[in-house]
Amino acid sequence: MPEFVTPFRACELCSHATVRAGRLLCDSPAVRLTGHPEALDVARAATGSCGPNARHLDMPGWH
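Bear in mind that the values here come from a model prediction, so they are computed numbers and not experimental data.

This paragraph deals with the pattern of salt bridges. Counted under the stated rule, the structure contains 2 salt bridges. Residues Glu12 and Arg9 are paired through a salt bridge, measuring 2.9 Å at the closest nitrogen-oxygen approach. Here Arg9 and Glu12 lie together in helix α1 (residues 9-13), a separation of 3 residues that amounts to about one turn. Where Arg32 meets Asp27, a salt bridge forms, and the shortest distance between an N and an O atom there is 3.8 Å.

Pasting the structure below:
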């Protein structure tokens, strides 16, 4: 995956991050219910699927 710089550093490191059309998107299980990956700012919005506290954050080292 190419290196991306976003305001959502935790998302950059999350195992649910995916790249589509040169953009880093969220593809967490909660987002999959919508049928497609979401932009990070949408997923991390106050009413977004992950919320501002990144409740679906999953780091590879946590397994």
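There is more to say, and it comes next.
This part takes up the sheet that holds strand β1 (residues 17-20). Hydrogen bonds along the backbone pair up the strands of a sheet, which may run parallel or antiparallel. Pairing within the open sheet is antiparallel, and its 3 strands lie in the order β1-β2-β3. Looking at the sheet topology across the chains shown, the edges are occupied by β1 and β3 (38-39). As paired strands, β1 and strand β2 (residues 23-26) are joined by 4 bridges and run antiparallel to one another. Directly across from Arg20, in β2, lies its bridge partner Arg23.

Moving on: the confidence of the model for the protein chain. Residues of the protein chain with pLDDT of at least 70 account for 92%, and the chain-wide mean is 87. Model confidence for the protein chain, summarised as mean pLDDT per element, is weakest for helix α2 (residues 29-32) at 89 and strongest for β3 at 94.

Rules and cut-offs
Residue numbers run consecutively from 1 along every chain, following the written order of its sequence. Totals for whole chains, interfaces and linings use all residues, but because this is a predicted model, local features are given only for residues with pLDDT of at least 70 and pairs of side-chain atoms are given and counted only at 80 or more. To obtain the side-chain values, all non-hydrogen atoms of the structure were included, while hydrogens and water were left out. Salt bridges, as used here, are contacts in which a Lys or Arg side-chain nitrogen is within 4 Å of a carboxyl oxygen on Asp or Glu. Note on conventions: DSSP H or I runs of at least 4 residues are helices, E runs of at least 2 residues are strands, and numbering of each starts at the N terminus. Pairing between strands is defined by DSSP: at least two bridges between them are needed. Note: pLDDT gives the predictor's confidence per residue, expressed from 0 to 100.

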